[in-house]
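Fold and contact review
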Amino acid sequence: MFNETYKLSNGVEIPKLGLGTWLLNDAQTAQAVRDAVSIGYRHIDTAQAYMNEAGVGEGIRSCGVAREELFITTKVAAEAKAYDAVTNSIDESLAKMGLDYIDLLIIHSPQPWMEFREENRYFEENKEVWKSLEDAYKTGKIKAIGLSNFLQDDVENILASCEIKPMVNQILAHVSNTPLELIEFCQENDILVEAYSPIAHGAVLNNREVKVIADKYGVSVAQACLRYDIQLGLVVIPKTANPDHMRNNAELDFVISDEDMETLKNVKHIQNYGEHSFFPVFGGKLK
């Protein structure tokens, strides 16, 4: 699995499987990066909002693998909606991680988290943010640029005026919550879709319907969920600090049949993400 990649529209190769680091502190993140790299991972995903970029940098420096062999993603804070603020934040991310370049930089959200999916769409502001990403890309600070949590009209807003097209849209996409129309739109526009929380932040693990299919292939529910996304043509970035889970998440050398894929596409839509339901990406509202 570790050698499998997709090719972005600009020719950059991105590993199909990455390690997510959401909700890990710097120390946990540094150790998770070291463990993941020793197991075979080469793709690490972080964000300015995670406040663990320094931990990612420490993990990179101490993992024993050359920087050039790793693919590092970070995300511009959702609240940064002006050219200068974004430009400064890019330099801050590079400094925190101690890197000369970032492999993929994406806008974390089309709206600030406190206004996520509300009326103000920040169309003009996001064009300004995108211009900053384009300029950083031209200077070589970033090897690829993209979006996260952008709906179709958010993406269309960027496509309407950009000089460089987005290469990625990272979205919530998992069994029981798969935005197939958005995925198809992105793929038609040569935008690779990445799936965060591909195991529904754990909320799908006890789903009986999914377990029946996982048992059929002799795999775990988590493995079935990851394989499902990959067969849809998505990158998966499951978050874990557990080396055993890292290993299991990489054991995906099975193929789900077309019939079973259709079943998984139609699993009843998840309504409750448990203790994490308050996060905007899971439908909650920050106060």
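Residues numbered from 1 in each chain as written. Predicted model: local features only at pLDDT ≥ 70, side-chain atom pairs only at ≥ 80, totals over all residues. Heavy atoms only, no water.

1. So, the side chain of Asn169
With respect to the helices and strands, the residue Asn169 is situated in strand 8 (residues 168–172). Separated by 3.0 Å, the side chain of Asn169 and the backbone oxygen of Phe150 make a polar contact. Leave out the neighbours within four places in its chain, and Asn169 touches Leu147, Ser148, Asn149, Phe150, Val155, Leu182, Cys186, Ile191, Leu192, Val193 and Glu194. (Helix = DSSP H or I, 4+ residues; strand = E, 2+ residues; numbered from the N terminus. Polar contact = N/O pair within 3.5 Å; in protein donor to acceptor, adjacent residues only side chain to side chain. Contact = heavy atoms within 4.5 Å.)

2. Comments concerning the packing of helix 2 (residues 53–62) against helix 3 (residues 83–97)
Helix 3 packs onto helix 2 with a crossing angle of 45 degrees between their chain directions and a minimal axis gap of 7 Å. When the axes of helix 2 and helix 3 are compared, the pair comes out oblique. Residue-level inspection shows Glu53, Ala54, Val56, Gly57 and Arg61 of helix 2 in contact with helix 3, the latter providing Ser93, Lys96 and Met97. The class makeup of the residues in the contact of helix 2 with helix 3 is three nonpolar, two polar and three charged. (Axes fitted to C-alpha atoms, helices over the stretch in contact; angles between N-to-C directions. Parallel < 35°, antiparallel > 145°, perpendicular 65-115°, else oblique. Nonpolar A, V, L, I, M, F, W, Y, C, P; charged D, E, K, R; others polar.)

3. Some points on unusual backbone geometry
Positive phi outside glycine occurs at Leu23, with the angle close to 70 degrees. For Leu23, a relative accessible area of 41% translates into the label partly exposed. Even without being a glycine, Tyr122 presents a positive backbone phi close to 60 degrees. Position of Tyr122 relative to the elements: it lies in the loop between strand 6 (104–107) and helix 4 (123–139). (Buried < 20%, exposed > 50% of the residue type's maximum accessible area, 1.4 Å probe, protein only.)

4. Thoughts on the sheet that holds strand 6
Think of a sheet as strands paired side by side through backbone hydrogen bonds, with each pair either parallel or antiparallel. The parallel open sheet is built from eight strands, whose spatial order is 3-4-5-6-7-8-9-10. With partners counted over all chains shown, the strands left at the sheet margins are strand 3 (19–20) and strand 10 (235–236), one partner each. Where strand 9 (residues 192–196) lies against strand 10, two bridges are found, and the strand directions are parallel. Following the sheet pairing, Ala195 is matched in strand 10 by Val236. (Pairing = 2+ DSSP bridges.)

5. Quick look at helix 5 (residues 152–159)
By the burial criterion, the buried members of helix 5 are Asp154, Val155, Asn157 and Ile158. One face of helix 5 carries all of its buried residues, which in axial projection span an arc of 155 degrees. Elements that come into contact with the buried residues of helix 5 comprise helix 4, strand 7 (145–148), strand 8 and helix 6 (180–188). (Arc of directions from axis to C-beta.)

6. A few points about the pairing of strand 7
Here strand 7 shows two buried faces, one formed by Ile145 and Leu147 and the other by Gly146 and Ser148. Where the polypeptide runs from strand 6 across helix 4 and back to strand 7, its parallel neighbour, the crossover connection is right-handed. Pairing of strand 7 with strand 8, which is carried by two bridges, proceeds in the parallel orientation. When the bridges of strand 8 are listed, Ser148 appears paired with Gln170. (Right-handed = clockwise from strand over helix to strand, strands pointing away.)

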